[in-house]
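So the chains spell out like this:
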Amino acid sequence: AALMVLLGAVGFVLLIACANVANLLLARSTSRQREMAIRSALGAGRTRVIRQLLTESVLLAVTGGALGLVIAQWGTQALLNMVPGGLPRMENIGVDGRVLLFTFVISIVTGIVFGLAPSFQASRVDLQTTLKEGGRGSTTGHHRLRSALVVSEIAASIVLLIGAGLMLKTMMILNRVDPGFDIHNLLSFSVGLSKDNRSTPDKIRSAYHRMTQELGSLPGVQAAAIGDDIPLTGSDSEIPLWVSGRPRPASQSDMIWALLYTTSPEYLRAMGVPLLKGRYFTYQDNQDSAGVCVIDEVMAKGLFPNQDPIGQHIGIADTSGEMGNGLNRPLEVIGVVGHVKHWGLDSDDSAKIRYQFYLPFDQIPDQLIAGLGAGMTVLMRTKVNPTSVIPAVTSKVAEVDDEQPIFDAKPMQDAVSDSMAGRKFSMLLLGVFAVLALVLASVGIYGVISYSASQRTHEIGIRMALGAGRSQVLKLVVGQGLVLVLAGIGIGLAAALGLTRLMAGMLFGVRPTDLTTFAGVSLVLAVVALLACYIPARRAMKVDPMVALRYE
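Note that the coordinates shown come from a computational prediction; the quantities given were computed from them, not determined experimentally.

1. A short note on the pattern of salt bridges
Okay, so step 1: All told, the structure shown has 16 salt bridges when counted by the stated rule.
Okay, so step 2: The salt bridge partner of K341 is D349, with a shortest N-O separation of 3.1 Å.
Okay, so step 3: Given a relative accessible area of 13%, K341 falls into the buried group.
Okay, so step 4: For D349, a relative accessible area of 49% corresponds to the partly exposed category.
Okay, so step 5: Within this structure, K341, D348, D349 and R354 form a network of salt bridges that share partners.

Dropping the structure here:
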């Protein structure tokens, strides 16, 4: 859906650019009416004149397409460099043979389609009138068509600007979303144990204990912990469970499903997940003590809406339906913590599985601990820049297990940023397209008003000779542009009301018909468009009546 929206934005920019070119060709065809009349008088048929003008239009389009490919070659990489990691298949984005073919075809098609109207207009000349008047034939039809093209440019621009505005507002809202833990000064990395250190369950537990203790003692480190899964990375462990003392469902599909985190005692403190009730794990929560767990507030409200969750018990089922994946005892709820947005800042609230609970690493049975020995995530809360401690971390881990290096080390702020990479990329591209559209539309408005003012130089001279002031000339010229601007904004707003619904899945915390975005974009476009009208209007105000009356 995001790619289709971006493709639509590209189409709008292309249409705006082509409308500008068509406007320029229409203006040029007016000045070439005498030339076309002479060609016709010398025997050139209308088809031949159209063919000549279309050839010029296609050559213009193909040249523009070739230049566009050159810009795209470095521009694409420049855009990708502005996007954080995490965008799927970034390495496959670039200019290849398919892009070359697409650009060539689009250039030919646009050259023909947007050259037809100017070609037909230029080929339809009255020989006697045109040759007699020295080329100053009627331009009323041209003016209507050029005005219609400008209105369409403004309408397309406002659709793109509103889309970019909605995406920008989405990103601003997402940046204020609380992920459920403190992302600042938090370093994460993955590490596994060598074959020797994971040869027995006791060695696995001992190696991870030594590792977290050594890392926690580093200067600038407040806490170090391990966990099998961390939020916003795409990994998860889903498991069925039921509440002890209530009827046990007959099948796993009827059970309650939740996300399971296996963690060391310092994990929740290191992550900064707030404790709402009860207590965190301690090192006394081991295989020799009663089975315990900590649940999140969403699970507490869902399973125990009118009860105190502390002291309640839950049971866990494995894939065979037996009790607890080797945890052959009920687990007592000893604490309730805040909910973590595991699935993403924008998608967690709509996720199918939202319940979360935590098990102590030291209570994982021997038959299951081997899988954790192959790889765990280490989290470190620091007082300094997290990346500055990576060299010391690498050295400490090597002291515990010199055969297994750390990998995928990065601050959790980067993980949060990566989780929004696709949305940021869409916003960036839409923003670029919207700015291009605004510039092109402004150029189009300026071109039409400027050309119209030059065509009305004689009229303006007469008005000023009859007593019209400069302010009246200003109102005359700007008023003509204002009519086009308001018409384009009206059509654009109507189109945006329908088209922005297509990007509803890309938005968060903002409606596709957000009133402030629609109003703000309309105001910005109106101001820019009026500035584009003011320049030719100011030039028209300075017309010398005597010069104007001798014009042409």
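2. Overview of the pairing of strand β7 (residues 313-316)
Okay, so step 1: When strand β3 (residues 238-243) meets β7, the two strands line up antiparallel, connected through three bridges. Residue pairing across strands places W242 opposite G315, the latter belonging to β7.
Okay, so step 2: One ladder, built from two bridges, connects β7 with strand β8 (residues 331-337); its direction is antiparallel. Counted as the bridge partner of H313 is E332 from β8.

3. Details of the confidence of the model for the chain
Okay, so step 1: Taken over all residues, the pLDDT of the chain has a mean of 84, while the share at 70 or more is 90%.
Okay, so step 2: When the criterion is pLDDT under 50, residues 319-324 qualifies, and its contacts beyond four places in sequence or with other chains add up to 17 contacts.

4. A word on the nonpolar core
Okay, so step 1: F181, Y267, L268, Y358, L430 and I445 are the most contacted members of the largest nonpolar core, which totals 85 residues.
Okay, so step 2: The element that contributes the greatest number of residues to this core is helix α6 (residues 140-174), accounting for 15 residues.
Okay, so step 3: Once you skip the residues sitting within four places of it in the chain, F181 turns out to touch L186, P231, L232, M271, G272, V273, V340 and M412.
Okay, so step 4: Membership of the second largest hydrophobic core comes to 25 residues, among which are L187, V191, I204 and L215.

So, how was this worked out
Residues numbered from 1 in each chain as written. Predicted model: local features only at pLDDT ≥ 70, side-chain atom pairs only at ≥ 80, totals over all residues. Heavy atoms only, no water. Salt bridge = Lys/Arg side-chain N within 4 Å of Asp/Glu carboxyl O. Buried < 20%, exposed > 50% of the residue type's maximum accessible area, 1.4 Å probe, protein only. Pairing = 2+ DSSP bridges. Helix = DSSP H or I, 4+ residues; strand = E, 2+ residues; numbered from the N terminus. pLDDT = per-residue confidence, 0-100. Contact = heavy atoms within 4.5 Å. Core = buried A, V, L, I, M, F, W, Y, C linked by side-chain atoms within 4.5 Å.

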